[in-house]
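Structural overview
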Amino acid sequence: MIYPFMETLLSNKKEFAFQTGSTTVYAAGAVLIMYGILILLGFLFRYHMLYAVALFVFSIAAYIQQMFLNGQLFLMDGGKNRWGIGLKLSNIVIWFLIFAIIFLLWRWFGEKMMHAVKWTACALTLMQLAGIISLVVSNAGDKAIKSKTTTDYFSTDGIYEAASDENIMIFVLDTYDIDYLHEVLQEHPDFLEPLKGFTYFPDTVSQFSRTFPSIPYMLTNELYFYEKPYVEYCDEAYIKCDFWDKVHNNGYELYFYEESSEYVGSSLRRKASNYVAEGHVIDTKISLAGVFEAMCRIGGYRGGPYVVKDYFLYTAGKINSLVVKQRIWDRTRFWVDDAAVYAGLKESGLTVNSDEKAVRFYHFNGAHAPYTMNETGKAVSETHGDKMAQYMGAMNMVYHYMDELKRLGLYENATIIITADHGENYVTEALEQNTNPILFIKPAGRYKEELEISDICASQNDMLPTLAPILGVKVDADMGLDLFDASIDDKNRIRRHYYTVVENTEQTKTRTYEIRGSSLNFDNWSATDEYHEFLYY
């Protein structure tokens, strides 16, 4: 439990919102709790030799699992149940063999076997202690470990506000595939009833299959294939694309509710009204219970057989939420926590601020696993989470924003986009079915009309050209389509999707798929020989 926890924190330090050193005392406390549990169990079993051998067998099996049998660990994206029954069975058979062999040796050799157990346990302990010391030493002078107490970020300022005249609201519900929406509609046929005045574009293709670089691409139409450091790409993309500079110059205030501020280039995020250039942590409280659970989750996932790994799934966000009980910034930082945002919206509603015109870009967890929100927006544990409930809850949160705009008399003049950064994101070497993000758009001036369904072949690169006339901005003709000014000929255009290839659990490159005709028919997706290898992933 201890070594995997330390290795994960030190090897992925950029993923966590806390310094590893700040958890040292709490990790030590968690270790004492673990030893306390083992001592209590030993007392209950009267320290019988069988208990010592069982503990040793479990440790050896977990060590072998981590070192040699974890060849098919998936990306930690919160998803479940992706291991085949054959892999699970063969893996558990190995565990039983390890148990059987060691117990037989103990039965046959008795005291001699116990000496071997003691020395082997000591050797494994020393090896892992050496590994931890090596990790600590190698990271001690790493300049990449910057303080987590001072940084730039987007705050929650204005998240429950609206401009007095024009409001452009872009809701990005992560991973929300139209197949998910169809699942909801099968049980709730009237689920889209609130979307009066909207146009639904079911035949929509995302350029990428992952959140990054989908988010910066949506905002700049600049492609990225990890051919350079990602921060460098983001900064260059927003300089090259002057769309948002023009929008800002036209008098629109800009708000970005994005957890990863680097996804918005430095030239643009400085213009955002909710950007904090140098935020400071006033107070941080680490949770002992959270550190203990995080240690068990990481250790259980790394060391447990495949049949139990689903019970120990975690993400960087999950570990952050477990370890950090409370972090108070000088200005409240935006975190992707849909249930918390929804609860705040219900409590405070929307108010009108001093802005006349504003663009708000919200990036929420949406349909992304793990499922920790129900249909009413209430937070639930992962064990009680339900994907259907979260699909509904994500849309219901947007509906609540819309209801608040109606209450304020601002809905008709608002432009609202509801979409996703990508559809279902698979962890395979090739696509086996189509993937389509949802896309609903309500232009300013439309309200009581029924929901329309368009058969236009849409793409993510159409968002900026569609917004351009609404925001009074001109864009290049080859950037994409204004979806409300598309012709019948545009249905025949070739669209591209850059699928992230996953090989041995690693994202290695993108493969280009060309879509001719409706993207809802996978027969129209053609895999090309165009690959883009990741150099800076």
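Look up: the structure comes first, before these words.
A quick note: this is a predicted structure, and the numbers were derived from the prediction, not measured. (Residues numbered from 1 in each chain as written. Predicted model: local features only at pLDDT ≥ 70, side-chain atom pairs only at ≥ 80, totals over all residues. Heavy atoms only, no water.)

We now examine the overall build of the protein chain. In terms of regular secondary structure, the protein chain is built from 16 helices and 17 strands. Computed over its C-alpha atoms, the radius of gyration of the protein chain comes to 26 Å, within 12% of the 24 Å expected for a compact globule of 537 residues. When its C-alpha atoms are laid out on the principal axes, the protein chain stretches across 85 × 55 × 45 Å. The buried share among the 537 residues of the protein chain stands at 51%. Taking as baseline every contact in the protein chain between residues at least 6 positions apart, the subset at least 24 positions apart corresponds to 77%. For the protein chain, the exposed surface amounts to about 24,900 Å²; the carbon and sulfur share of it is 57%. Within the protein chain, one finds 47 positive and 67 negative side-chain charges whose respective centroids are separated by 8 Å. (Helix = DSSP H or I, 4+ residues; strand = E, 2+ residues; numbered from the N terminus. Rg over C-alpha atoms; globule rule 2.2 N^0.38 Å. Buried < 20%, exposed > 50% of the residue type's maximum accessible area, 1.4 Å probe, protein only. Contact = heavy atoms within 4.5 Å. Areas by Shrake-Rupley, 256 points an atom, 1.4 Å probe, with all protein chains shown as cover. Lys, Arg positive; Asp, Glu negative; His and termini not counted. Charge placed at Lys NZ, Arg CZ, Asp CG, Glu CD.)

Further remarks concern the packing of aromatic side chains. Within the structure shown, the criterion is met by 46 aromatic pairs. Here Tyr180 and Tyr391 contribute two aromatic rings whose centre-to-centre distance is 4.6 Å and whose plane-to-plane angle is 5°, an arrangement assigned as stacked. Of this pair, Tyr180 sits in helix 6 (residues 178–187) while Tyr391 sits in helix 15 (residues 387–407), and the two are 211 residues apart along the sequence. Residue Tyr180 shares its accessibility class with Tyr391, and that shared class is buried. In this structure an aromatic cluster arises from ring pairing among Phe212, Tyr224, Tyr226, Tyr230, Tyr233, Tyr263, Phe534 and Tyr537. Its end group placed over the ring of Tyr411, Lys442 keeps NZ or CZ at 5.0 Å from the ring centre. (Phe/Tyr/Trp six-rings, centres within 6.5 Å; stacked < 30°, edge-to-face > 60°. Lys NZ or Arg CZ within 6 Å of the ring centre and 35° of its normal.)

Further remarks concern the pattern of salt bridges. As enumerated under the stated definition, the model contains 21 salt bridges in all. Across the pair Arg269 and Asp152 runs a salt bridge, and its minimum N-O distance is 3.1 Å. Residue Arg269 is located in helix 10 (residues 266–269), and its partner Asp152 is located in strand 1 (residues 150–154); the two are separated by 117 residues in the primary sequence. Each member of the pair Arg269 and Asp152 is classed as buried. Between Arg496 and Glu514 there is a salt bridge whose closest N-O contact spans 3.2 Å. Of the two residues, Arg496 sits in strand 15 (residues 494–503) while Glu514 sits in strand 16 (residues 506–516), which places them 18 residues apart along the sequence. Relative accessible area serves as the criterion here: at 14%, Glu514 is assigned to the buried category. Shared partners join several salt bridges into a network, and the residues in it are Glu293, Arg297, Lys318 and Glu382. (Salt bridge = Lys/Arg side-chain N within 4 Å of Asp/Glu carboxyl O.)

This part takes up helix 3 (residues 49–69). The end-to-end C-alpha distance of helix 3 is 28 Å, a good match for the 30 Å that 21 residues give at a rise of 1.5 Å each. Taken together, the buried positions of helix 3 are Tyr51, Val53, Phe56, Val57, Ile60, Ala61, Ala62, Tyr63, Gln65 and Leu69. (Expected span 1.5 Å × (residues − 1).)

On to the pairing of strand 11 (residues 414–419). For strand 11, the buried fraction is high: six of the six residues fall into the buried class. The two faces of strand 11 match: Ala414, Ile416 and Ile418 on one face and Thr415, Ile417 and Thr419 on the other face are all buried. Here four bridges tie strand 11 to strand 12 (residues 439–442), and the two strands are oriented antiparallel to one another. Bridging from a neighbouring strand, Thr419 pairs with Leu439 of strand 12. (Pairing = 2+ DSSP bridges.)

If you trace the seven strands from one edge of the open sheet to the other, you get 6-10-3-11-12-4-13, paired in mixed fashion. Pairing within the sheet leaves two strands with one partner each, and these edge strands are strand 6 (253–257) and strand 13 (452–453). Taken together, the two bridges between strand 4 (residues 199–200) and strand 12 define a ladder with antiparallel strand orientation. Within strand 12, the position partnered with Thr199 by the bridge is Ile441.

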